[in-house]
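# Chains, contacts and geometry: an overview
The primary structure of each chain is shown beneath.
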Amino acid sequence: MGKKIMILNGSPRANGNTAALIEAFTKGAREAGNEVSCFDLQRMNIYPCLGCCKGGRNPESPCVQKDDMDRIYPAYREADVVVLASPLYYWTISGQLKCAFDRLFAVAECDANYANPTKESVLLMAAEGYGFEETLYWYDRIMNHIHWTDKGKVLCGGVMNAGDIAGNPKLDEAYQLGKNI
């Protein structure tokens, strides 16, 4: 039986290099019998976390703010795997992805001990340069803190302009990661 995979696409470019990594990963994952849903965060109306710690009262809509996160929460609850996809912005994930990821805390607030749902995770990232160290520092520590299992990372540097990733071996790496998830 396949896994349910949820992708949070933090790229503002609809047809950019991050989107190409997502497409390759998704193709592999679907060929392996997995169910994949992708949320293009740039196209969604998602407010930043208020830090109010008042979420979790309604598991169906756990955050006090009512916006497009209510489309993400059901997929998040059901997902076996959460894919974090982003271009590298100032040595870390995009604001779109960080904003949505922060808002997932409302689901942890549904648990008396603030336990996050157990998930597997993947990181897909495209960048002009190759300085992924800060993102990896954040990603590895957050995975440890929320007790998620990292299933793989595809980090593609040297791709500034949309389409620069065409023919890059990282696309096959993303495809293979999806196929073997």
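This text goes with the structure placed above it.
A brief look at the structure comes next.

What counts, and at which threshold
Numbering of residues starts from 1 in each chain and follows the order in which that chain's sequence is written. Reporting of local features is limited, given that this is a predicted model, to residues whose pLDDT is at least 70; pairs of side-chain atoms are given and counted only at 80 or more, and all residues count toward the totals for whole chains, interfaces and linings. Heavy atoms from the whole structure form the basis of all side-chain values; hydrogens and water molecules are not counted. Using only the protein atoms, space was sampled on a 1 Å grid; points where a 1.4 Å probe fits but cannot get out form cavities, open sets with protein on both sides within 12 Å along at least five of seven lines form pockets, and lining residues are those with an atom within 4 Å of a point. Grid points are joined across faces, edges and corners, and a volume is the space filled by probe spheres set on the points. Three categories are distinguished: nonpolar for Ala, Val, Leu, Ile, Met, Phe, Trp, Tyr, Cys and Pro, charged for Asp, Glu, Lys and Arg, and polar for the others, with Gly belonging to the last. One requirement defines pairing of two strands: DSSP has to find at least two bridges between them. Secondary structure elements are defined from DSSP: runs of H or I of at least 4 residues count as helices, runs of E of at least 2 residues count as strands, and each element is numbered from the N terminus. Lines fitted to C-alpha atoms define the axes, with helix axes restricted to the stretch in contact, and inter-axis angles between N-to-C directions lie between 0 and 180 degrees. Here a residue-residue contact requires only that any non-hydrogen atoms of the pair lie within 4.5 Å.

If you add up the space inside the largest pocket, you get close to 250 Å³. Taken together, 15 residues form the lining of the largest pocket, with Arg 13, Pro 87, Leu 88, Tyr 89 and Met 160 sitting closest to its centre. The residue inventory of the lining of the largest pocket, partitioned by class, reads eight nonpolar, five polar and two charged. One number sums up the size of the second largest pocket: a volume of about 170 Å³. Here the residues of the lining of the second largest pocket sort into eight nonpolar, one polar and two charged.

Taken in spatial order, the five strands of this open sheet run 2-1-3-4-5, and their pairing is parallel. The open sheet is flanked by strand 2 (35-40) and strand 5 (149-156), the only strands paired with a single partner. Ignoring strand direction, the axes of neighbouring strands in this sheet form an average angle of 15°. As defined by bridge partners, strand 4 (residues 120-126) adjoins strand 5 across seven bridges and the pair is classed as parallel. Opposite Ser 121, over in strand 5, you have Asp 150 as the bridge partner. With respect to the sheet, helix 1 (residues 17-31) is in contact with strand 1 (4-9), strand 2, strand 3 (81-87), strand 4 and strand 5, its orientation differing from that of strand 4 by roughly 140°.

Of note, the phi angle at Cys 53 is positive, near 55°, even though the residue is not glycine. Mapped onto the secondary structure, Cys 53 falls in the loop between strand 2 and helix 2 (69-78). The phi angle at His 147 is positive, at roughly 65°, despite the residue not being glycine. One can find His 147 in the loop between helix 5 (133-146) and strand 5.

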